[in-house]
Amino acid sequence: GHAAKSYRKTVRQIRVEGSSATCKIIRDEFVSASTTLFGNPLSPSENRLAEGALVVGTPESSALVRELNWTANLAAVGEEGFIIRSVRVENKPITVIAANTDLGALYGSFQFLRLMQTGQPIDRLNLSERPGLQLRLMNHWDNPDGTIERGYAGRSLWQWHELPEKLSPRYADYARTCASIGINGAVINNVNADPRILAAENLRKVAALADVWRPYGVRVYVSANFAAPVRLGGLSTADPLDQGVAHWWQAKADEIYALIPDFGGFLVKANSDGQPGPNTYNRTHADGANVLADALAPHKGNVMWRAFVYDDDIDPDRAKSANIE
């Protein structure tokens, strides 16, 4: 329609500057979107800068972004933020999506496409965005057998029986969907966790998902069973103050990060709804969280501790539960 014709005049050339897998995704998104919006694909071009060019890049990948000297502005948007501006270069009207990282450029590209797809004007843009939250996660309650606890929409997207050899195209579709709205992580399994998720053969499957999601900036997190040192590791205790337990978690963290260098960390539901936890050993929740945090700290991983307790020896009034700990 009219909007599409107007956009076609404003965007006549696509220049995504960079060679990473994330940059390839950005190129593919613009090819797909222009096919839908314009009726024919607007292919990325490395030719001389044209009027109506859309340039996407970082100071590292793009000479044009460096020449614009938006150093202070880019510093303000951080590692995942972006700037979108309508400017004139060589006396030609162009649009620039600039970021400090390729991931920020991906988020900026999705924002630009969102403006087009919702019929917003794009000829006089001056936008900058920085995420308000560092951790922006999906939380799945999927089980290794493909079921989903409290699930109402079918079975798990993760085909554990096929991984790691076979990768469903839906894994990339999932990460693409997450990135389009700024989601940067996903807890892939039920918080009522099966300890076997941390077994070597299953970690290779988790790593296969992480490899697909990495260019989209989606980090993998795992729900860990607090009793894994006993149920998986064969120890006699999971006491968080036991040195053998601490060494087991440290070795497991090292094993995970050898496979998944950008592993996000652990989500833990402890001493709630029958799940094991530090209270089992007369330890505090801080003791329990810290033994995992110490294991992840060298790798800069995160521990997310579900801070509520539903146990028989605690007042069953759930309205009070949030304040008990």
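For the structure itself, look to the data block above.
Residues numbered from 1 in each chain as written. Predicted model: local features only at pLDDT ≥ 70, side-chain atom pairs only at ≥ 80, totals over all residues. Heavy atoms only, no water.

A. Layout of the nonpolar core. Membership of the largest hydrophobic core comes to 74 residues, with the highest contact counts inside it found for Phe30, Phe112, Ile188, Leu198, Trp213, Trp249 and Phe266. By residue number, the principal contributor to this core is helix α5 (residues 102–117), which donates nine residues. Once residues within four sequence positions are removed from consideration, Ile188 is found in contact with His140, Asp142, Trp158, Trp160, Val206, Leu209, Trp213, Val220, Tyr221 and Val222. Counting residues in hydrophobic clusters, the runner-up holds 14 residues, among them Leu64, Leu74, Val77 and Val89. (Core = buried A, V, L, I, M, F, W, Y, C linked by side-chain atoms within 4.5 Å. Buried < 20%, exposed > 50% of the residue type's maximum accessible area, 1.4 Å probe, protein only. Helix = DSSP H or I, 4+ residues; strand = E, 2+ residues; numbered from the N terminus. Contact = heavy atoms within 4.5 Å.)

B. Main features of the environment of Ile97. By secondary structure assignment, the location of Ile97 is in strand β4 (residues 92–98). Relative accessible area serves as the criterion here: at 0%, Ile97 is assigned to the buried category. For Ile97, the residues in contact, after removing those within four places along its chain, are Phe30, Leu54, Val55, Val56, Gly57, Ile83, Ile84, Ala105, Gly108, Ser109 and Phe112.

C. Here's a closer look at the sheet that holds strand β2 (residues 53–57). Here we have five strands laid out as an open sheet, ordered β1-β2-β4-β3-β5, and mixed in their pairing. Whereas interior strands pair on both sides, the edge strands pair on one side only; in this sheet they are β1 (13–16) and β5 (126–129). For this sheet, the mean angle separating the axes of adjacent strands, direction not counted, is 20°. As paired elements, β1 and β2 share four bridges and run parallel to each other. Looking at β2, one finds that Arg15 is bridged to Val55. Packing of helix α2 (residues 21–38) onto the sheet brings it into contact with β1, β2 and β4, and relative to β1 it is tilted by some 165°. Sheet strands touched by α5: β2, β3 (82–89), β4 and β5. Its angle to β3, the strand with the most contacts, is close to 70°. (Pairing = 2+ DSSP bridges. Axes fitted to C-alpha atoms, helices over the stretch in contact; angles between N-to-C directions.)

D. Spatial organisation of the packing of aromatic side chains. On inspection of all chains with the given rule, the structure shows ten aromatic pairs. Aromatic pair Phe226 and Trp305: ring centres 6.0 Å apart, planes at 90°, arrangement edge-to-face. Of this pair, Phe226 sits in the loop between β8 (219–223) and α8 (228–231) while Trp305 sits in strand β10 (residues 302–305), placing them 79 residues apart in sequence. You'll find Phe226 and Trp305 in the same group, each marked buried. (Phe/Tyr/Trp six-rings, centres within 6.5 Å; stacked < 30°, edge-to-face > 60°.)

E. Inspection of the packing of α5 against helix α6 (residues 169–180) at higher detail. It is at 9 Å that the axes of α5 and α6 come closest, and there the two elements cross at 80°. By the angle class used here, α5 and α6 are roughly perpendicular. Residues Leu106, Tyr107, Phe110 and Arg114 of α5 lie in contact with α6, whose contacting residues are Arg176, Ala179 and Ser180. (Parallel < 35°, antiparallel > 145°, perpendicular 65-115°, else oblique.)

F. Highlighting the sheet that holds strand β6 (residues 137–139). Strand order in the open sheet made by the five strands is β6-β7-β8-β9-β10, with parallel pairing throughout. Edge positions in the open sheet fall to β6 and β10, since each of these has one partner strand only. Strand-to-strand, the axes of this sheet are offset by a mean angle of 20°, without reference to chain direction. Bridging between strand β9 (residues 265–268) and β10 involves four bridges; their strand directions are parallel. By the bridge assignment for β10, Gly265 is matched with Asn302.

G. Geometry of the pattern of salt bridges. Summed over the entire model, instances satisfying the criterion amount to 13 salt bridges. Asp28 is the partner of Lys24 in a salt bridge, and the nearest nitrogen-oxygen pair spans 2.9 Å. Of this pair, Lys24 and Asp28 both sit in helix α2, four residues apart, which is roughly one turn of that helix. Among the residues examined, Lys24 registers a relative accessible area of 49% and is labelled partly exposed. Between Glu162 and Lys166 there is a salt bridge, and its shortest N-O distance comes to 3.9 Å. Taking the relative accessible area as the measure of exposure, Glu162 reaches 23% and is therefore partly exposed. One connected set of salt bridges, linked through shared partners, spans Arg48, Glu90 and Lys92. (Salt bridge = Lys/Arg side-chain N within 4 Å of Asp/Glu carboxyl O.)

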